[in-house]
Amino acid sequence: AETDTSAPVSAGVVTWQLCVAVAVICLGNFLFGWHAGALNPALQAVTQDVAIAPETVPFAVSSLVVGGTIGALLTPLAMDGYGRRAALTLTAVPMVLGSLLMAQATTPVGFILGRTLAGMGAGAASVCAPALVAELAPDHVRGRLSSVCRLAYVLGILATFVLAQSLQS
């Protein structure tokens, strides 16, 4: 029998294709970390540009998590109905729309809406990604490869702080 070298999983072996697939699958988790960390270094500038009142700042910051919770709760329905790959692909829509809305926001409502939308996509991705990675990974490395999703989230936060530090220098 011929072995399909294009498949990410081949007889329980970790291939380079599987590693690339896991990295791509975990991009949504990286973006969740990016969005979670990106507002911290820029909070003062954003609150001035968008005219966010001091009493609204905590809600503006936490709106990402509110959206993430909504996305995470609704995603299992999409995964069951459309499959994990399709559901993960669809997570890009609210992330992109939310990011565009935040970038163009001139009011606190627009900014909070964008952050909530981006959170919905990121929260959905944080549910889809580990499920898809576990589905693709061979049994003996399933836990290690699934942990890459959490690592991607932390690296997203780290990237925002490294970038912010380098821009301040």
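This is a predicted model, so every value here is computed, not measured.

What follows covers the overall build of the chain. Check the secondary structure of the chain and you find seven helices and two strands. Reading the helices (α) and strands (β) of the chain from amino to carboxyl end gives β-β-α-α-α-α-α-α-α. C-alpha extents for the chain along the principal axes are approximately 65 × 40 × 20 Å. Of the contacts formed within the chain by residues at least 6 apart in sequence, a portion of 74% connects residues at least 24 apart. Accessible surface computed for the chain: about 9,300 Å², of which carbon and sulfur atoms make up 69%. Between the averaged position of the 6 positive side-chain charges in the chain and that of its 7 negative side-chain charges there is a distance of 6 Å.

If you walk through the whole model with that rule in mind, you get two salt bridges. Here E135 and R84 are joined by a salt bridge, their closest N and O atoms 3.1 Å apart. Of the two residues, E135 is situated in helix α6 (residues 108–136) and R84 in helix α4 (residues 84–90); the sequence distance between them amounts to 51 residues. Linking D139 and R142 is a salt bridge whose minimum nitrogen-to-oxygen distance equals 2.8 Å. What makes D139 exposed here is its relative accessible area of 63%. What makes R142 partly exposed here is its relative accessible area of 32%.

Moving on: the packing of helix α3 (residues 57–82) against α6. Where α3 contacts α6, the two axes come as close as 6 Å, and the packing angle between them is 40 degrees. Taken as axis vectors, α3 and α6 run oblique relative to one another. Remark: the crossing between α3 and α6 carries right-handed chirality. Residues belonging to the contact of α3 with α6 are distributed by class as follows: 16 nonpolar, eight polar and one charged.

The next point concerns the environment of H140. Checked against the element boundaries, H140 lands in the loop between α6 and α7 (142–168). For H140, a relative accessible area of 51% gives the class exposed. Spatially, the C-alpha atom of H140 lies 29 Å from that of I157, the residues being 17 residues apart in sequence.

This part is about the nonpolar core. I25, I52, F111, V133 and L145 are the most contacted members of the largest nonpolar core, which totals 34 residues. If you list the elements that add at least two residues to this core, you get α1 (16–25), α2 (27–49), α3, α4, α5 (92–104), α6 and α7. Looking at this core element by element, the count peaks at 10 residues for α6.

What follows concerns the packing of aromatic side chains. The tally for this structure, following the rule as stated, stands at two aromatic pairs. Measuring from centroid to centroid gives 6.5 Å for F30 and W34, while their planes differ by 25 degrees, and the two rings are stacked. Here F30 and its partner W34 are both found in helix α2, four residues apart, which amounts to about one turn of the helix. A residue is classified by how much of its surface remains accessible, and F30, at 27% relative accessible area, is partly exposed. The partly exposed category is assigned to W34, whose relative accessible area is 28%. With a centroid separation of 5.5 Å and an interplanar angle of 80 degrees, the aromatic rings of F32 and Y153 are classed as edge-to-face. Of this pair, F32 sits in helix α2 while Y153 is found in helix α7, placing the two residues 121 residues apart along the sequence.

Looking now at the state of the cysteines. Counting across every chain of the model gives zero disulfides. The thiol of C19 is not disulfide-bonded; the next cysteine sulfur, from C26, is found 11 Å away. Take C128: it sits in no disulfide, and the sulfur closest to it among the cysteines is that of C149, at 10 Å.

Reading the values: the criteria
Residues numbered from 1 in each chain as written. Predicted model: local features only at pLDDT ≥ 70, side-chain atom pairs only at ≥ 80, totals over all residues. Heavy atoms only, no water. Helix = DSSP H or I, 4+ residues; strand = E, 2+ residues; numbered from the N terminus. Contact = heavy atoms within 4.5 Å. Areas by Shrake-Rupley, 256 points an atom, 1.4 Å probe, with all protein chains shown as cover. Lys, Arg positive; Asp, Glu negative; His and termini not counted. Charge placed at Lys NZ, Arg CZ, Asp CG, Glu CD. Salt bridge = Lys/Arg side-chain N within 4 Å of Asp/Glu carboxyl O. Buried < 20%, exposed > 50% of the residue type's maximum accessible area, 1.4 Å probe, protein only. Axes fitted to C-alpha atoms, helices over the stretch in contact; angles between N-to-C directions. Parallel < 35°, antiparallel > 145°, perpendicular 65-115°, else oblique. Left-handed = near helix turned anticlockwise from the far one by under 90°. Nonpolar A, V, L, I, M, F, W, Y, C, P; charged D, E, K, R; others polar. Core = buried A, V, L, I, M, F, W, Y, C linked by side-chain atoms within 4.5 Å. Phe/Tyr/Trp six-rings, centres within 6.5 Å; stacked < 30°, edge-to-face > 60°. Disulfide = S-S within 2.5 Å.

Nothing here speaks to function; it is all geometry.
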